[in-house]
Number of protein chains: 2
Amino acid sequence: MKEVRYFYVPDACHRDELPVDEANHALRVLRLQSGDQMFLMDGNGAFYEAEVTLASSKHCHYRITNTLVQEKAWKGKIHLGIAPTKMMERIEWMAEKSTEIGIDEFSFLHCKFSERKVLKKERIEKIVVSAMKQSRKPWMPVVHEMTAFRDFIDAHTTGHRYICHCYNEIEKKDLYTELLLLAKDEAVPEVTILVGPEGDFSIDEVNYALSQGFESVSLGNARLRTETAGLSGVMMAQLAMRK
Amino acid sequence: MKEVRYFYVPDACHRDELPVDEANHALRVLRLQSGDQMFLMDGNGAFYEAEVTLASSKHCHYRITNTLVQEKAWKGKIHLGIAPTKMMERIEWMAEKSTEIGIDEFSFLHCKFSERKVLKKERIEKIVVSAMKQSRKPWMPVVHEMTAFRDFIDAHTTGHRYICHCYNEIEKKDLYTELLLLAKDEAVPEVTILVGPEGDFSIDEVNYALSQGFESVSLGNARLRTETAGLSGVMMAQLAMRK
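Computed from a prediction, not measured in an experiment: that's the story for all the values here.

A. Region of the structure containing the state of the cysteines. Under the defined criterion, the tally for this structure stands at 0 disulfides over all chains. A disulfide-free cysteine, Cys166 of chain A has its sulfur positioned 8.9 Å from the sulfur of Cys164 of chain A, the nearest such atom. Lacking any disulfide linkage, Cys60 of chain B is separated from the closest cysteine sulfur, that of Cys13 of chain B, by 17 Å.

Here it is as structure tokens:
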């Protein structure tokens, strides 16, 4: 029972009541009552031990009894921009696994060859919250609304930015080697990695990103599905940037 | 159409006919005819360009027109021994993703806390063949029958062997650091990584493995699901052992 008493409560230390969804779970599924113990995660690096002070039919009030601020296992920021796959479940598991491994930000790109043009951010957020609880990581990755490729590029002009693609005619560096060098040089590297749809980015998209300061990279020799490529990028960044 | 004309034909250069399953796909789904081109993968490191010489209702004969022997992207051998998850789809995706990333051998362990006691090797093999084709890797990972934990340990007495677990009272080295050191020292490292079930290995199992020469390791600070832990181990080995 204790296993599942984790709740995601943004800004937990400035409130005294579970958000609606979490209250519903606490009251109707777990049937918590006044005096019961629970754990809150604020999505911003802290766990809280808390006690239920009042459990009504719709409201679950709490009192924090202990604050446990965690140290992140990686330095800097990892941001993945990826074109969602045609099969929703593939991009969902990528989101779940990346959250378990550790990531700061997800963006979803609408590209020329995208097979999926629409994505409900709320659905991904739900999976991410669940993976965050399951993996006991009190950092909630930011999930952005789907964005047109060019708009994303134009909006992201800082940090270390990489675009993974399969065009042999465009020179590519090895992403992992680049990340290792970066992590050696910088204390707080901010990394953005872009992964294209099933049919890859268009060559115009790659060239536009390069013209705006993105670096052309490869994830290695393997021919990976979109969702596997995304997770590989996150895993490489994690290994390179871990403390 | 060309995309899907990849066939897995073990020992392809010593035969002249597709195996039954592949012939069925070639003849009934793709409707290949005499003179059509196709690609064969022997699962042992080679691609073959081939031409259909005879297509009957059940038989698809071929003639090899070109042999393309590939160099493996990683050195040595990567063997994952994992307790299958309760939900079959989770272990299936782990097998798919590990094959895309690159692995040599899968073993499935029946442990004290295993939630799944039975696993059809044929089902995993099917997924692995499909991932091998999809990722254009002509190496077919060996898939073993499910084995009792102790039998596995007793049968694996050579190479570099690691057991991942979550017991704080047993000292653990960092798996990735160990793999990096190993890959520096050895030209052809043979690595076996064990990952336990949802409830972890029992402490007796961990101690037994250690007594038989396995090393106690951690995959990092993250709390990972079984299937994510398995894939993480494979990715770490790939990154450490890539050529």
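Anyway, onward from the coordinates.
B. Fine view of the sheet that holds strand β1 (residues 6-8) of chain B. All names here are of chain B. In spatial order, the strands read β1-β2-β3-β4; together these 4 strands make up an open sheet with mixed pairing. Two strands lie at the open edges of the sheet, namely β1 and β4 (60-69), each paired on one side alone. This sheet shows a mean twist of 35 degrees between the axes of neighbouring strands, independent of strand direction. Pairing analysis gives 5 bridges linking strand β2 (residues 37-41) to strand β3 (residues 46-55), with the strands arranged antiparallel. The residue of β3 that forms the bridge with Phe39 is Glu49. The strands touched by helix α1 (residues 20-29) are β1, β3 and β4; relative to β1, the strand with the most contacts, the crossing angle is about 160 degrees.

C. Layout of the packing of helix α2 (residues 88-101) of chain A against helix α7 (residues 226-241) of chain A. Residue and element names in this part refer to chain A. For the pair α2 and α7, interaxial distance at closest approach is 9 Å and the crossing angle is 10 degrees. As summarised for this structure, α2 and α7 are arranged roughly parallel, according to the angle between their axes. Along its contact with α2, which presents Arg90, Trp93, Met94, Lys97, Ser98 and Ile101, the element α7 presents Glu227, Leu231, Val234, Met235 and Gln238. Grouping the amino acids of the contact of α2 with α7 by side-chain chemistry returns 6 nonpolar, 2 polar and 3 charged.

D. Molecular detail of the UniProt feature "domain: Ribosomal RNA small subunit methyltransferase E PUA-like" (unreviewed entry) in chain A. Residues annotated in UniProt with the feature "domain: Ribosomal RNA small subunit methyltransferase E PUA-like" (unreviewed entry) correspond here to residues 20-61 of chain A. Here residues 20-61 of chain A runs as 24% helix and 40% strand, with 11 Å between its end C-alpha atoms.

E. Region of interest: the side chain of His165 of chain A. Residue and element names in this part refer to chain A. You can see His165 is positioned in the loop between β9 (160-164) and β10 (173-174). We classify His165 as buried; its relative accessible area is 5%. Of the polar contacts made by the side chain of His165, one reaches the side chain of Ser216; its length is 2.8 Å. If we ignore the near neighbours within four places in the chain, the residues touching His165 are Ile170, Lys172, Asp200, Val206, Ser216 and Val217.

What counts and how
- Residues numbered from 1 in each chain as written.
- Chains lettered and ligands numbered in written order.
- Predicted model: local features only at pLDDT ≥ 70, side-chain atom pairs only at ≥ 80, totals over all residues.
- Heavy atoms only, no water.
- Disulfide = S-S within 2.5 Å.
- Pairing = 2+ DSSP bridges.
- Helix = DSSP H or I, 4+ residues; strand = E, 2+ residues; numbered from the N terminus.
- Axes fitted to C-alpha atoms, helices over the stretch in contact; angles between N-to-C directions.
- Contact = heavy atoms within 4.5 Å.
- Parallel < 35°, antiparallel > 145°, perpendicular 65-115°, else oblique.
- Nonpolar A, V, L, I, M, F, W, Y, C, P; charged D, E, K, R; others polar.
- UniProt positions renumbered as here; feature names shortened; annotations may be inferred.
- Buried < 20%, exposed > 50% of the residue type's maximum accessible area, 1.4 Å probe, protein only.
- Polar contact = N/O pair within 3.5 Å; in protein donor to acceptor, adjacent residues only side chain to side chain.

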